[in-house]
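Listed below, chain by chain, are the residues.
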Amino acid sequence: MKRIISPSMLSADFGNLARDTRMIDESAAEWVHIDVMDGRFVPNISFGFPVLKSIVAATEKFMDVHLMIVEPETYLERFVKAGADLVVFHVEATEKVEECIRIIHEAGAKAGISIKPGTPVDAIREWLPMVDLVLVMGVEPGFGGQKFIEGSTDKVRQLKALREELGADYLIELDGGVCRDNAEMLFEAGCDVLVAGSAVFGAADPKAEILALLGE
Ligand code: DX5
Ligand code: ZN
């Protein structure tokens with residue numbers, strides 16, 4: 001299975017957004033992770049469409065948009081129009097899971113579903129055959145730079161086993177607390193995609209850090 005790194009722009013320097021985005025564009029990272037927070041689903045507000053637009057304009061890479069907003073169904077189409085290749089919403093944020101998946105697919109993007117550290121894999125089991133990706137949070141959503149919650153690895157293993165069992169083909173993405181010390185273990189547990197914010201942007205050489213996370 002291919003290994004993908006998705007650097008989280010939440011940890012970029014917003015005064016130099018185009019520069020930091022171009023740096024990712026030239027790196028071995030295949031995806032760019034966009035964290036949208038509304039101050040309601042999580043106790044933090046990040047950014048919305050204008051910032052996403054500037055990032056999209058500075059890279060050709062795959063846009064991995066992670067929505068930490070309540071009632072995501074309201075905005076899904078706009079995120080796809082703004083350039084998202086993949087839109088990930090939280091199961092805890094909506095009553096309309098199936099509708100969210102349908103809206104994203106009809107708008108022409110890949111659909112992902114995410115679970116917080118306290119939400120078991122069982123809570124999303126019925127939708128696993130319909131989604132293109134499952135995002136497992138490795139920290140409580142809301143902030144970059146937190147410590148990885150060890151129990152998250154078990155969910156990755158469960159999702160890998162379920163993919164076999166169900167004959168499904170979703171990718172498994174882990175977001176939060178990824179660093180040099182746990183990346184190899186997470187890929188081996190079954191992750192296809194690792195999000196890394198502070199590990200990449202806090203490194204003296206971000207491009208070299210991306211290669212290190214890939215195990216290269
Ligand atoms: C947290 C975000 C993450 C965050 C990851 O709510 O979803 O994407 O930016 O940051 P690090 O890699 O620093 O834990
Ligand atoms: Zn994220």
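Caption draft 1: Layout of the overall build of the chain. Counting its secondary structure elements, the chain contains 8 helices and 8 strands. For 216 residues, the compact-globule formula gives about 17 Å, and the C-alpha radius of gyration of the chain, at 16 Å, lands near that figure. Taking all 216 residues of the chain together, the buried fraction comes to 54%. Of the roughly 9500 Å² of accessible surface on the chain, 48% is carried by carbon and sulfur atoms.

Caption draft 2: How the structure looks around the coordination of the zinc ion (ligand 2). Coordination of the zinc ion (ligand 2) by the protein involves H33 (NE2), D35 (OD), H66 (ND1) and D175 (OD), with metal-donor separations of 2.0 to 2.3 Å. Every donor counted, the 6 donor atoms about the zinc ion (ligand 2) form angles of 70 to 169° at the centre, which fits octahedral coordination. Sequence spacing of the donors to the zinc ion (ligand 2): H-x1-D-x30-H-x108-D. Linking H33 in strand 2 (residues 31-37) with H66 in strand 3 (residues 62-68), this pair joins segments that are 33 residues apart in sequence. Of the residues examined, H33 reaches a relative accessible area of 0% and is grouped as buried.

Caption draft 3: Highlighting the sheet that holds strand 4 (residues 86-90). Spatial strand order, 1-8-7-6-5-4-3-2: 8 strands in an open sheet with parallel pairing. The open sheet terminates on both sides in strands that have one partner only, identified here as strand 1 (4-7) and strand 2. Neighbouring strand axes in the sheet, compared pairwise and without regard to direction, differ in orientation by 25° on average. Relative to strand 7 (residues 171-175), strand 6 (residues 133-137) runs parallel, the two being bridged by 5 bridges. Within strand 7, the position partnered with M137 by the bridge is D175.

Caption draft 4: Representation of the site of ligand 1. Among the 20 residues in the neighbourhood of ligand 1, the closest are listed as D35, G142, D175, G197 and S198. Take H66: an N or O atom from its side chain is 3.3 Å from an oxygen atom of ligand 1. Note that an oxygen atom of ligand 1 is positioned 2.9 Å from one of the backbone N or O atoms of G177. Considering ligand 1 on its own, with 380 Å² of exposed area, one finds that the protein chains cover 100% of that surface. Every element with two or more residues in the shell around ligand 1 is listed here: strand 2, strand 3 and strand 8 (193-196).

Caption draft 5: Quick look at the pairing of strand 6. Counted residue by residue, strand 6 has 5 buried out of 5 residues, so it is predominantly covered. The alternating pattern of strand 6 places L133, L135 and M137 and V134 and V136 on opposite faces, both of which are buried. In this fold, strand 6 hands off to helix 5 (residues 152-166), which returns the chain to strand 7; that crossover is right-handed.

Caption draft 6: Layout of unusual backbone geometry. For E71, which is not glycine, the phi torsion reads 45° and is therefore positive. Of note, E71 is situated in the loop between strand 3 and helix 3 (76-81). Residue E71 is classed as partly exposed on the basis of its relative accessible area of 47%.

Caption draft 7: Here's a closer look at the packing of helix 6 (residues 180-189) against helix 8 (residues 206-213). Where helix 6 contacts helix 8, the two axes come as close as 9 Å, and the packing angle between them is 40°. Here R180, A183 and F187 of helix 6 come into contact with helix 8, specifically with E209, A212 and L213. Partitioning the contact of helix 6 with helix 8 into residue classes produces 4 nonpolar, no polar and 2 charged.

Caption draft 8: Local environment of the nonpolar core. Within the largest apolar cluster, 64 residues are counted, with the highest numbers of intra-cluster contacts made by M9, I24, I34, I113, Y170, L174 and L194. Once residues within four sequence positions are removed from consideration, I113 is found in contact with V88, F89, V91, V97, I124, W127, V131, L133, V134 and L135. In this structure, W31, L86, L133 and V193 belong to the second largest nonpolar core, which totals 9 residues.

Caption draft 9: Highlighting helix 1 (residues 17-25). Taken together, the buried positions of helix 1 are L17, D20, T21, M23 and I24. Viewed end-on, helix 1 has its buried residues packed into an arc of 155°, placing them on one side of the element. For helix 1, the secondary structure elements touched by its buried residues are strand 1, strand 2, helix 2 (49-57), helix 7 (198-201) and helix 8.

What counts, and where the lines are drawn
- Residues numbered from 1 in each chain as written.
- Chains lettered and ligands numbered in written order.
- Predicted model: local features only at pLDDT ≥ 70, side-chain atom pairs only at ≥ 80, totals over all residues.
- Heavy atoms only, no water.
- Helix = DSSP H or I, 4+ residues; strand = E, 2+ residues; numbered from the N terminus.
- Rg over C-alpha atoms; globule rule 2.2 N^0.38 Å.
- Buried < 20%, exposed > 50% of the residue type's maximum accessible area, 1.4 Å probe, protein only.
- Areas by Shrake-Rupley, 256 points an atom, 1.4 Å probe, with all protein chains shown as cover.
- Donors = N, O, S within 2.8 Å, 3.2 Å for Na, K, Ca; no water.
- Tetrahedral: all angles 85-135°; square planar, octahedral: opposite > 155°, others 65-115°.
- Pairing = 2+ DSSP bridges.
- Axes fitted to C-alpha atoms, helices over the stretch in contact; angles between N-to-C directions.
- Near = heavy atom within 4 Å.
- Polar contact = N/O pair within 3.5 Å; in protein donor to acceptor, adjacent residues only side chain to side chain.
- Right-handed = clockwise from strand over helix to strand, strands pointing away.
- Contact = heavy atoms within 4.5 Å.
- Nonpolar A, V, L, I, M, F, W, Y, C, P; charged D, E, K, R; others polar.
- Core = buried A, V, L, I, M, F, W, Y, C linked by side-chain atoms within 4.5 Å.
- Arc of directions from axis to C-beta.

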